[in-house]
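Observations on the three-dimensional arrangement
Next come the chains, spelled out residue by residue.
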Amino acid sequence: MKIAVLSGKGGTGKTTVAASLASLLPDADYIDCDVEEPNGFLFLSPDLSLHDSVTVPVPEVDPALCTMYGACVRACQFNALAAVGSRIMVFPDLCHHCGACLIACKPGAICEIDQVIGQIDRSADGHFRQGVLRTGQPVGLPIIDRLIREADPDHLSILDAPPGSSCPVVHVLRSADYALLVTEPTPFGLHDLKMIVSLVRDLSLPAGVVINKSNGTDLIIDSFCRQENLPVLARIPFSRDIAVRYSRGYLPIDPDSPWRPLFNGLAERIRKETDR
Amino acid sequence: MKLAVTTLGKTRLDPVDQRFGRAEYILIFDENNVQLDCIEQGSLAPASGAGIAMAQKLIDAGIDVLITGHLGPNAWQVLSASDIRLYEAVEGTADDQLSAWHQDALSPISAAGQAHRGRS
């Protein structure tokens, strides 16, 4: 079972909710899929002793076999290759690793070499994993795909998704069994919630909403959820205490926290929703 | 001999386009200022690698001289490895570039500019 925690809008509290749930649900795995800026480790303090490199295949041209015919350049839809003078230039950052150049090259002058784009960090007990994209690398999707592929299907996995509703989020969502949508009662929160709901509908995923920074009434979110028939599973109050805890790297479910019952209730609601 | 000038319109009286990869038009002239061709690009510029693709187009067209505004790092890498001589455009029309080139008044482009500068 994989539960994806998403929001559309950044800064609504995905990581707070995802990390809190991963702590409260027994034997849950926490997987930080926000590979451009993973931050769940700040709150869960895992040991992160294991590291694997993530590589993508990029073309390399053997000048001894290359005839400078240029079929590879014409085959590339991303302009990652150029034929200049007597050599083929490769721009690895533009490569989408599709292998078209390899197929187009009749003399077989192109082979693929592995380029490291980032890594996956794991805790020794396997309950915490995060992807980290190298600075300067443009595309983290291969890291997200591998994080999800390596998730233990017999475990409950909490997938902390990146913000937005574009490709990285789609790659997280399409493997998920349930979508937990974290939002806030602001026009921006609602706008991005709508985008993510339309994505969830396209993928026919069951979903529930958590309203963070709740003002108690949350009218704009409530009326949208009623209209969309989306259950509101919890309201986390707009609280200075939660913000102070967050700024110190503590979750609102730490043992001394008055918010623990609220999150226990959310965990219970999710268990019921996903048992259906 | 072929000279290419990036422009905002399809005639020699149109102003120069400071962008290279995402230039609206490329006008091609011979050394006697006769216009040989007009490559129209406009919104057809590719989503990624526009500078590389345009550089390849000019290499394939056998261009000898390019007069443009800014070259991004990728376009610079391709063009500086080619035989095309690169000149920084002065303010004005395509015709102004040609006369400046004939008077030897254009400065060569000797380094890459900022990436994605011409992205709209």
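Just above sits the structure.
Notes on the structure in this doc start here. Since the model is a prediction, treat every value here as computed from it, not as a measurement.

It is worth spelling out the overall build of chain A at this point. Looking only at helices and strands, chain A features ten helices and eleven strands. Scored against the burial criterion, the 276 residues of chain A give a buried share of 50%. Counted over contacts in chain A with a minimum sequence separation of 6, partners at least 24 positions apart contribute 71%. Working note: accessible area of chain A is about 13100 Å², and carbon and sulfur atoms make up 53% of it. Side-chain charges of chain A comprise 25 positive and 33 negative groups, with the mean position of each set lying 5 Å from the other.

Looking now at helix H9 (residues 240-247) of chain A. At the N-terminal boundary of H9 of chain A, the capping side chain belongs to Ser239 of chain A, with an oxygen 3.1 Å from the backbone nitrogen of Asp241 of chain A. Where H9 of chain A ends, the next residue or the one after it, Gly249 of chain A, has phi of about 85°, a positive value.

Between two aromatic rings, the relevant description is the distance of the centres plus the angle of the planes. All names here are of chain A. One pass over the full model with this rule turns up two aromatic pairs over all chains. For the pair Phe43 and Tyr246, a centre-to-centre distance of 4.8 Å together with 35° between the ring planes defines the contact as tilted. Of this pair, Phe43 sits in helix H2 (residues 41-44) while Tyr246 sits in helix H9; the two residues are 203 residues apart in sequence, bridging distant segments of the chain. On the basis of relative accessibility, which here comes to 10%, the residue Phe43 falls in the buried class. By relative accessible area, which is 38% here, Tyr246 ends up partly exposed.

Time to look at unusual backbone geometry. All names here are of chain A. Even without a glycine there, the phi angle at Asp27 is positive, about 65°. Using a relative accessible area of 60% as the deciding quantity, one classes Asp27 as exposed. One non-glycine residue, Asn229, adopts positive backbone phi at about 60°. Here Asn229 is to be found in the loop between helix H8 (219-228) and strand E11 (232-237).

This part takes up the interface of chain A and chain B. Facing the ten residues of chain A at the interface are twelve residues of chain B. Across the chain A/chain B interface, buried area totals approximately 920 Å², and carbon plus sulfur atoms make up 65% of it. If you sort the residues of chain A by the area they bury against chain B, Asn79, Val84 and Phe91 of chain A come out on top, with a joint share of 48%. Counting the contacts that link chain A with chain B gives zero salt bridges. The tally of links between chain A and chain B comes to three residue pairs in polar contact (both at pLDDT 80 or more). It is strand E4 (residues 81-84) of chain A that provides the largest number of residues to the side of chain A that touches chain B, a total of four residues.

Let us now look at the environment of Asp241 of chain A. Residues and elements named next belong to chain A. Of note, Asp241 is situated in helix H9. With 17 residues separating them along the chain, Asp241 and Pro258 place their C-alpha atoms 9.6 Å apart. Beyond its immediate chain neighbours, meaning those up to four positions away, Asp241 contacts Pro258 and Trp259. Looking at Asp241, its side chain comes within polar contact range of the side chain of Trp259, at 2.8 Å.

Parameters at a glance
- Residues numbered from 1 in each chain as written.
- Chains lettered and ligands numbered in written order.
- Predicted model: local features only at pLDDT ≥ 70, side-chain atom pairs only at ≥ 80, totals over all residues.
- Heavy atoms only, no water.
- Helix = DSSP H or I, 4+ residues; strand = E, 2+ residues; numbered from the N terminus.
- Buried < 20%, exposed > 50% of the residue type's maximum accessible area, 1.4 Å probe, protein only.
- Contact = heavy atoms within 4.5 Å.
- Areas by Shrake-Rupley, 256 points an atom, 1.4 Å probe, with all protein chains shown as cover.
- Lys, Arg positive; Asp, Glu negative; His and termini not counted.
- Charge placed at Lys NZ, Arg CZ, Asp CG, Glu CD.
- Polar contact = N/O pair within 3.5 Å; in protein donor to acceptor, adjacent residues only side chain to side chain.
- Phe/Tyr/Trp six-rings, centres within 6.5 Å; stacked < 30°, edge-to-face > 60°.
- Buried area = accessible area lost by both parts, 1.4 Å probe.
- Salt bridge = Lys/Arg side-chain N within 4 Å of Asp/Glu carboxyl O.

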